[in-house]
Amino acid sequence: MATTVFNDAQLEVLRMMSVFNTPEAVKDLKQSISNYFAQKAEAEIDQLWSDGILTEGKVESFRSLHERTPYNK
């Protein structure tokens, strides 16, 4: 059996998890984590927009974007 070694950040998160002992607390934690990553994504999109990498034309091009993997039978 392989041994898992946790770094300091992972150990801290595990220690904090001891207070999440109800379904409501877990739901709140999931929402907080979701909000955190949504804010990070929004900040990155804002930066791309400010840098001119993301433009109105680029966003409009997403409407007709098809990146499905072609499967051969």
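Small disclaimer: the values here were computed from a predicted structure and weren't measured.

A. Summary view of the overall build of the protein chain. Scanning the protein chain for helices and strands turns up 3 helices and 0 strands. Beginning at the N terminus, the succession of helices and strands in the protein chain can be written as α-α-α. In terms of overall size, the protein chain is more extended than a compact globule, its C-alpha atoms giving a radius of gyration of 20 Å where 73 residues would be expected to give roughly 11 Å. Reported as C-alpha extents along the three principal axes, the dimensions of the protein chain are approximately 50 × 40 × 25 Å. For the protein chain, with 73 residues in total, the buried portion stands at 3%. For the protein chain, the exposed surface amounts to about 7200 Å²; the carbon and sulfur share of it is 57%.

B. Representation of the environment of Lys40 in the model. Turning to its location among the elements, Lys40 is positioned in helix H2 (residues 23–50). Once the C-alpha coordinates of Lys40 and Ile53 are considered, the two residues, 13 residues apart in sequence, prove to be 17 Å apart.

Basis of the calculations
- Residues numbered from 1 in each chain as written.
- Predicted model: local features only at pLDDT ≥ 70, side-chain atom pairs only at ≥ 80, totals over all residues.
- Heavy atoms only, no water.
- Helix = DSSP H or I, 4+ residues; strand = E, 2+ residues; numbered from the N terminus.
- Rg over C-alpha atoms; globule rule 2.2 N^0.38 Å.
- Buried < 20%, exposed > 50% of the residue type's maximum accessible area, 1.4 Å probe, protein only.
- Areas by Shrake-Rupley, 256 points an atom, 1.4 Å probe, with all protein chains shown as cover.

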